[in-house]
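# Fold and contact review
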Amino acid sequence: MEKIGIDAGGTLIKIAYEEHGKLHVKTYSIQEKNELLQWLKFISPGAVLHVTGGKNNLIPNLPSQKAHFIDEFQSLLEGTRYLMNIEKQPSKKDYLVVNIGTGTSIFHVAHHKIERLSGSGVSGGTLMGLGSIITGKSTFQELIALAEKGNHENSDLLVRDIYEPNEPPIFWDLTAANFGKVNHHKTSEKADHMAALIQLVGEITISLAGQLALHKNIHKIVFIGSALNGNRPLKNVLSSFQDKLSYKAIFLDKGAYAGAIGALLA
Ligand SMILES: Nc1ncnc2c1ncn2[C@@H]1O[C@H](COP(=O)(O)OP(=O)(O)OP(=O)(O)O)[C@@H](O)[C@H]1O
Ligand SMILES: [Mg+2]
């Protein structure tokens, strides 16, 4: 292959390349950088590397394998647009892109322009860090599997918990206080806390993105980033406010690779 797209982020390095007309993707953790460099030498010694992401300096520029830096926001835009087309979600109208990676960034996409509107530090890195403090487990897969078994309502204090038996003035199933039930609902367990942590990350994300969508009169929000990989609980939270905030949530199968694919296409 002539080109390889590389998105080196705060936690994971995502790779995209084409072989025999087919798109391939793979992921390395930052710690596996040396394995990645070996693989790059092995797979295609003469290829040009199109590198994006905050940790692009991890990829060396060698005479045998030239590295070109590609703008991260532009890569995300091009990769997301490409994926929306092949995953049959094309959009002529403006939409928001929410990239939930180590941290979260929120972008407004209009035609060929992308503008970063906002972001949040309550994100994928928070799931890993707070998740491991709460549960003692350290891998992403373990944390998500635990959350799947839990129920956030055992840890979060809901509006209905405060108002019952009265009729609340706002939606009864909204969270009144994240983790607000932990002290007086002693039966809640680690799995419930992990579900509550995902609820927290999802709620912060969607309250920011939802407000921005409202302000910009946008009704489509496209979620990308590796924090969504196999993360059904987080997708559920991000989808659960669609009616209240009038947006349509779109998840792209290869959304974790939007940056790498966009860099490859550049
Ligand atoms: N195998 C994994 N190892 C570690 N984290 C994972 C893994 N799979 C998914 N994740 C989740 O994905 C997040 C990283 O997502 P992503 O790769 O999109 O971010 P990044 O590009 O490394 O960071 P940023 O874009 O913020 O610089 C982690 O914080 C974690 O929540
Ligand atoms: Mg990233």
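Residues numbered from 1 in each chain as written. Chains lettered and ligands numbered in written order. Predicted model: local features only at pLDDT ≥ 70, side-chain atom pairs only at ≥ 80, totals over all residues. Heavy atoms only, no water.

Here the focus is the pattern of salt bridges. This model, assessed by the stated rule, comprises 5 salt bridges. Two residues, Arg232 and Glu148, come together in a salt bridge whose shortest N-O distance is 3.1 Å. Of this pair, Arg232 sits in helix H7 (residues 232–239) while Glu148 sits in helix H4 (residues 140–149); the two residues are 84 residues apart in sequence, bridging distant segments of the chain. With relative accessibility at 51%, the residue Arg232 sits in the exposed group. The shortest N-O distance in the salt bridge between Lys244 and Asp173 comes to 3.8 Å. In this pair, Lys244 sits in helix H8 (residues 242–245) while Asp173 sits in the loop between helix H5 (159–163) and strand E10 (175–177), placing the two residues 71 residues apart along the sequence. The partly exposed category is assigned to Lys244, whose relative accessible area is 33%. (Salt bridge = Lys/Arg side-chain N within 4 Å of Asp/Glu carboxyl O. Helix = DSSP H or I, 4+ residues; strand = E, 2+ residues; numbered from the N terminus. Buried < 20%, exposed > 50% of the residue type's maximum accessible area, 1.4 Å probe, protein only.)

Moving on, we get to the site of ligand 1. Surrounding ligand 1, one finds 15 residues, the nearest of these being Gly10, Thr11, Lys14, Thr102 and Ser226. Lys14 has a polar side-chain atom sitting 2.7 Å from an oxygen atom of ligand 1. Judged by the proximity of its atoms to the pocket grid, ligand 1 belongs to the largest pocket. When residues of the shell around ligand 1 are traced back to their parent elements, those giving at least two are strand E2 (12–19) and helix H3 (124–135). Among the elements that take part in the shell around ligand 1, H3 stands out by supplying 3 residues, more than any other. Grouping the constituent residues of the shell around ligand 1 by class yields 4 nonpolar, 10 polar and 1 charged. Summarising the domain contributions, the shell around ligand 1 has at least three residues from each of domain 1 (3–89 + 258–265) and domain 2 (119–252). (Near = heavy atom within 4 Å. Polar contact = N/O pair within 3.5 Å; in protein donor to acceptor, adjacent residues only side chain to side chain. 1 Å grid on protein atoms, 1.4 Å probe; cavity = no way out; pocket = protein on both sides within 12 Å on 5 of 7 lines; lining within 4 Å. Sits in = over half its atoms within 2 Å of the grid points. Nonpolar A, V, L, I, M, F, W, Y, C, P; charged D, E, K, R; others polar. Domains from an automatic or database assignment.)

Along any regular strand, the residues point their side chains to alternate faces of the sheet. Inspection of the sheet shows E2 paired to strand E3 (residues 22–29) by 8 bridges, in the antiparallel sense. If you follow Ile13 over to E3, its bridge partner there is Tyr28. Counted along the chain from E2 to the antiparallel partner E3, the turn is 2 residues long, and its residue His20 has a positive phi close to 50°. (Pairing = 2+ DSSP bridges.)

Okay, the domain arrangement of the protein next. Examined at the domain level, the protein breaks down into domain 1 (3–89 + 258–265) and domain 2 (119–252). The centre of domain 1, based on its C-alpha atoms, is set 30 Å off from the matching centre of domain 2. Opposite the 9 residues of domain 1 that make contact, domain 2 presents 7 residues. In total, about 630 Å² of surface goes out of reach between domain 1 and domain 2, with carbon and sulfur atoms giving 72% of it. (Contact = heavy atoms within 4.5 Å. Buried area = accessible area lost by both parts, 1.4 Å probe.)

This next bit is on the nonpolar core. Of all hydrophobic cores here, the largest spans 31 residues; its most connected members are Ile100, Met194, Ile198, Ile206, Ile221 and Phe223. Of all the secondary-structure elements, those providing two or more residues to this core are strand E6 (95–100), H4, helix H6 (190–216), strand E11 (220–224) and H7. Here this core takes 10 residues from H6, the largest share from any one element. Once you skip the residues sitting within four places of it in the chain, Met194 turns out to touch Leu127, Gly131, Thr135, Leu143, Leu146 and Ala147. Counting 21 residues, the second-largest nonpolar core is a separate cluster that includes Leu76, Met84, Leu252 and Leu264. (Core = buried A, V, L, I, M, F, W, Y, C linked by side-chain atoms within 4.5 Å.)

The strand order E8-E7-E6-E11-E12 describes an open sheet built from 5 strands, whose pairing is mixed. In this open sheet, the two strands that pair with only one neighbour each are strand E8 (113–120) and strand E12 (248–251). Ignoring strand direction, the axes of neighbouring strands in this sheet form an average angle of 25°. With respect to the sheet, H7 is in contact with E6, E11 and E12, its orientation differing from that of E12 by roughly 155°. (Axes fitted to C-alpha atoms, helices over the stretch in contact; angles between N-to-C directions.)

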